[in-house]
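So the chains spell out like this:
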Amino acid sequence: LAAKKLNFMVNNTFLVLTLQELLEQLSISNESVVDVYYLFAREKPKPKKSIPTDEWISSISSLSHIENKKAKSYAVGFFNGDVKVYDSKHNEVLNVTKLHPDSQITDLLYFKSDTLDQKYLITCSELPNAQMTISKIGADKKTIKIVARAKAYLMEDTECGYSSLA
């Protein structure tokens, strides 16, 4: 127990100041009865693997599977419109440059269709050219084929309604 760090709560407020400062902030007198709780503090996460990239990451999506199987790969969208797919060991298996030319990818959904035995990647961008792209990952897992692309200027309403997929 001596090596464990603790967090304290006073009247359902985490204690991050001195006790006197917190009581003053909550307008509680020194003679009042207060409830004090303690919890074991969570440790900060420690990185296990680092993958340097040349571009800022805008979105990450693990492979979604209808049978809730453990994800064996994940897709990463970047601010420059690129998409990369990594396997469970964080090795890059697919790199698609300029899937959304001159636009940042704001959201993506990476899933497997059991019926079609096929992996799909749906990506969205908003600025400056809003569009949604549906792509099929090849059986070799190293190629991609764009199945459909919807652009905002082709629609009547400029609010496309696909800013969030998840």
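Because the structure is a prediction, the values reported are computed rather than measured.

K.L.:
For this particular structure, what's the right way to read the pattern of salt bridges?
P.N.:
In a structure, side chains of opposite charge can pair up when their charged atoms sit close to one another. If you walk through the whole model with that rule in mind, you get three salt bridges. Glu43 is the salt-bridge partner of Lys46, the closest N and O atoms lying 3.2 Å from each other. We classify Lys46 as exposed; its relative accessible area is 62%. Taking the relative accessible area as the measure of exposure, Glu43 reaches 64% and is therefore exposed. A salt bridge links Lys84 to Glu92; its shortest N-O distance comes to 3.6 Å. We classify Lys84 as buried; its relative accessible area is 18%.

K.L.:
Help me understand the nonpolar core, please; the structure alone is not making it clear to me.
P.N.:
Soluble globular proteins tend to pack their nonpolar side chains together in the buried interior. The biggest cluster of nonpolar side chains holds twelve residues, and these are Leu63, Ala75, Val83, Val85, Leu94, Val96, Leu99, Ile105, Leu108, Tyr110, Leu121 and Ile137. The biggest single contributor to this core is strand 9 (residues 105–113), with three residues. For Leu121, the residues in contact, after removing those within four places along its chain, are Ala75, Val83, Leu108, Leu109, Tyr110, Thr133, Ile134, Ser135, Ile137 and Ile144.

K.L.:
It is not clear to me how the packing of aromatic side chains should be interpreted in this structure. Could you clarify?
P.N.:
Note on aromatic pairs: each is described by the distance of the centres and the angle between the planes. Enumeration over the complete set of coordinates arrives at two aromatic pairs. With 5.3 Å between their ring centres and 20 degrees between their planes, Tyr74 and Tyr86 make a pair best called stacked. In this pair, Tyr74 is assigned in strand 6 (residues 73–78) and Tyr86 in strand 7 (residues 83–87), connecting sequence segments twelve residues apart. Residues Tyr74 and Tyr86 agree in their burial class; the two are buried. When the centroid spacing of 5.7 Å and the interplanar angle of 25 degrees are considered together, the rings of Phe111 and Tyr120 count as stacked. By relative accessible area, which is 15% here, Tyr120 ends up buried.

K.L.:
Explain the sheet that holds strand 2 (residues 13–14) to me, please; I cannot follow it from the model alone.
P.N.:
Sheet strands line up and pair through hydrogen bonds in the backbone, either parallel or antiparallel. Judged by pairing direction, the sheet is antiparallel, and its three strands sit side by side in the order 2-1-3 without closing on themselves. Two strands lie at the open edges of the sheet, namely strand 2 and strand 3 (36–40), each paired on one side alone. Sheet analysis places strand 1 (residues 6–10) next to strand 3, joined by five bridges and oriented antiparallel. When the sheet's bridge partners are listed, Val10 is paired in strand 3 with Val36.

K.L.:
Which parts of the structure should I look at to understand the side chain of Asp82?
P.N.:
If you trace the backbone, Asp82 turns up in the loop between strand 6 and strand 7. Comment: no salt bridge for buried Asp82; closest opposite-charge side chain is Lys98, at 5.0 Å. In terms of polar contacts, Asp82 uses its side chain to reach the side chain of Asn80, at 3.1 Å. Here Lys98 takes part through its backbone nitrogen, which lies 2.7 Å from a polar atom of the side chain of Asp82. Residues contacting Asp82, with those up to four places away along its chain left out, are Val76, Gly77, Val96, Thr97, Lys98 and Ile105.

Procedures and definitions
- Residues numbered from 1 in each chain as written.
- Predicted model: local features only at pLDDT ≥ 70, side-chain atom pairs only at ≥ 80, totals over all residues.
- Heavy atoms only, no water.
- Salt bridge = Lys/Arg side-chain N within 4 Å of Asp/Glu carboxyl O.
- Buried < 20%, exposed > 50% of the residue type's maximum accessible area, 1.4 Å probe, protein only.
- Core = buried A, V, L, I, M, F, W, Y, C linked by side-chain atoms within 4.5 Å.
- Helix = DSSP H or I, 4+ residues; strand = E, 2+ residues; numbered from the N terminus.
- Contact = heavy atoms within 4.5 Å.
- Phe/Tyr/Trp six-rings, centres within 6.5 Å; stacked < 30°, edge-to-face > 60°.
- Pairing = 2+ DSSP bridges.
- Lys, Arg positive; Asp, Glu negative; His and termini not counted.
- Polar contact = N/O pair within 3.5 Å; in protein donor to acceptor, adjacent residues only side chain to side chain.

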